[in-house]
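# Report on the structure
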Amino acid sequence: MVSPLKDGLRASYAGRSVSHGRAVGRALLVVGRKRQFFHAEIAKQSVDAEIERFRAAVTYASLQLEALIAKPPTPNAADIFDAHLLILESSSLLDAVAEVIRTDLVTAEWALKTVTDKLVSSQRASADVHLRQKAVDIEDVAERVSNALAGERSALPPLPPNTVIVATELLPSTMMEFSGTPPVAIITERGGWTSHTFILARESNIPAVSGIKRVNRRFDDGDLVIVDGDNGFVTFASEEEFERSIKDRASRGTASTAGAEADDSAVPAFRLYVNIDSSTKITKGLERGALGIGLLRSEYLFPGIKGWPDEERQFREYAAAAEAADGREVRIRTFDFDLDQVSFGGREPEKNPALGMRAIRLGLAREQRFRTQLRAILRANTKGNISIILPMVAGVQDIKQVRSLIDDEFSRLDGIQFPKIGAMIELPSAVLVIDQILKNVDFLAIGTNDLVQYTLGVDRDDEMVADWYQSLHPAILRSISRVIDAAKAVGKPTSLCGEMGGSAFYVPLLVGLGAEEFSVKLSSLSTIRRILRSLDREKAAEIARVVMELDTTQAVEDALVAAYRTFWPELQLTRT
Ligand code: PEP
Ligand code: MG
């Protein structure tokens, strides 16, 4: 039994709420940068296969290092990679990992971590500066082998019931892999409100707290913890609290489903769509009254697949989505991943992936791969209800280049309807040339999550700068207003599809700025519908006019709180 007293105290850690709710569960540490994993056991009969998998990964990592030694990226890099190869090929390391797999019955990833963690801490404790330096090399080699193991994409084992995930940073792809056996809560050091991981957590009603420093030293596997996602706190729990919470959850589970979505009728004057990250949720979104799928984040449709999924696999997913939508529009966004998410290591990671080779840039740079996605989407459009959204568009040139690929692929297909094409407006450059972009697309989708990140220069995944991530910054409000006005002037629709559009606090202001179309996550549909139905648009426009004159985020926020309290107290539009 794990005591609620940690180091003699009932420790409580303050972080930041990134997904509401409260849950009690058992901590499970998730580690690894590129391919995340956790302590998981294997069956005795799988030991030989697991050791074989480890050996294959070592061989692959050695080949990578030999290639780097033959063609070093910098003159003295060959010596470093040579040293790495020596570490990798030392029989003591290889034998030790195989031995841990055999005796502890754990995965290769976990065995490698156990062995290299031990080595690294003993080197770090050494008085000799060279040995201390060697610790870094061992970590590098371990990372390389981990990446090679990741290349095989063996499925993550299911999570035990009542698991609270603890991770420095939890990758969205890892989160997607948990979808069969979701955790009851998440605790991380990094990641902000608009990080994909927490968008997914909120969608699945999984409470989460981020911003807990050195999180993996504060919690151990098996610790009982209470995650208070409403107030951003984590506390150790007693066995009694844990048992009670399991009983509560079981009774809530049976009571809560009936009648959850009583009113799913359309709201006149507004168009409400749903954001989807898994085609299994499409029917649910439509049942809850969404007009269609306003944003299908295609990169999430293939959990467990590393790299670009092949064309047939993609075609099946997109066709299933179009079918499930039953004639309603499905806007499929082309892959919005970065280089790191589709490569298998063997190269230095990009320094700034958010500013690097990602989204349509990556597509245009890997044209043949990108064509497989465009072709698969086009082929699935037999009923004409699929549209394509292009992420991270910087200006017209990006759109023209992608359109020419779409035209080319379309010209080779028969019996297919040409899809509508839309651009995500997420970069300040796109806002500045919005009139030009509008001449080249059928609709716009404002991705406020990235628009805030790129306009204000604040990493949306970096919890440390969360205070500077200000959705109500006057520059953001001006950008949104400008885009909506420009699109209206030429009669083209604009949807608000970032987290702002799904948040009760921002929606009245967005309506005041002229927004008529929203695409929100499934769990926000009913709240946003209720708010849209209750709003007086004239009043909302008046509030927007007032706040557009203000010059600080704080002033905007204060004015909104006061205005909402005055005009719509019953809606309780508070920032939580
Ligand atoms: C956005 O950036 O607001 C958006 C909707 O896309 P994503 O969150 O997937 O980047
Ligand atoms: Mg985005």
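The structure this text deals with has already been given above.
Residues numbered from 1 in each chain as written. Chains lettered and ligands numbered in written order. Predicted model: local features only at pLDDT ≥ 70, side-chain atom pairs only at ≥ 80, totals over all residues. Heavy atoms only, no water.

## Some points on the overall build of the protein
Scanning the protein from terminus to terminus reveals 23 helices and 17 strands. Taken over C-alpha atoms, the radius of gyration comes to 25 Å for the protein, in line with the 25 Å a tight globule of 576 residues would show. With respect to the three principal axes, the spread of C-alpha positions in the protein is 75 × 60 × 45 Å. Within the span of the protein, comprising 576 residues, buried residues form 53% of the whole. A fraction of 69% describes how many contacts in the protein between residues 6 or more apart in sequence connect residues 24 or more apart. (Helix = DSSP H or I, 4+ residues; strand = E, 2+ residues; numbered from the N terminus. Rg over C-alpha atoms; globule rule 2.2 N^0.38 Å. Buried < 20%, exposed > 50% of the residue type's maximum accessible area, 1.4 Å probe, protein only. Contact = heavy atoms within 4.5 Å.)

## Quick word on the coordination of the magnesium ion (ligand 2)
At 2.0 to 2.1 Å from the magnesium ion (ligand 2) lie its protein donor atoms, namely Glu426 (OE) and Asp450 (OD). Of this pair, glutamate 426 sits in the loop between β14 (420-425) and α16 (428-432) while aspartate 450 sits in helix α18 (residues 448-456), and the two are 24 residues apart along the sequence. Judged by relative accessible area, glutamate 426 falls into the buried class, the value being 2%. Looking at aspartate 450, the relative accessible area reads 3%, which means it is buried. (Donors = N, O, S within 2.8 Å, 3.2 Å for Na, K, Ca; no water.)

## Comments concerning the pairing of strand β8 (residues 224-228)
Of all the 5 residues making up β8, 5 are buried; the element is thus mostly covered by neighbouring parts of the structure. Residues Leu224, Ile226 and Asp228 of β8 are buried on one face, and the alternating residues Val225 and Val227, pointing to the opposite face, are buried as well. Relative to β8, strand β3 (residues 22-31) is paired through 5 bridges, and the arrangement is antiparallel. The residue bridging alanine 23 from the neighbouring strand is valine 227, located in β8. (Pairing = 2+ DSSP bridges.)

## Describing the packing of aromatic side chains
Aromatic ring pairs: the centre-centre distance and the angle between the two ring planes describe each pair. Taken as a whole, this structure holds 16 aromatic pairs when the rule is applied. Arranged with centres 6.3 Å apart and planes meeting at 50°, the rings of phenylalanine 38 and phenylalanine 178 form a pair that is tilted. Highlighted residues: phenylalanine 38 in strand β4 (residues 37-38) and phenylalanine 178 in the loop between α6 (172-177) and β6 (185-188), separated in sequence by 140 residues. Like phenylalanine 178, phenylalanine 38 is buried. On the basis of an interplanar angle of 75° and a centroid distance of 5.4 Å, the ring pair of phenylalanine 505 and tyrosine 564 is categorised as edge-to-face. With phenylalanine 505 in the loop between β16 (494-496) and α20 (507-512) and tyrosine 564 in helix α23 (residues 553-567), this residue pair connects regions lying 59 residues apart in the sequence. Both residues of the pair, phenylalanine 505 and tyrosine 564, belong to the buried class. Among the aromatic side chains, those forming a connected cluster through ring pairs are Phe302, Trp308, Tyr318, Phe335 and Phe337. In this structure, lysine 113 packs its charged tip against the face of tryptophan 110, placed 5.6 Å from the ring centre. (Phe/Tyr/Trp six-rings, centres within 6.5 Å; stacked < 30°, edge-to-face > 60°. Lys NZ or Arg CZ within 6 Å of the ring centre and 35° of its normal.)

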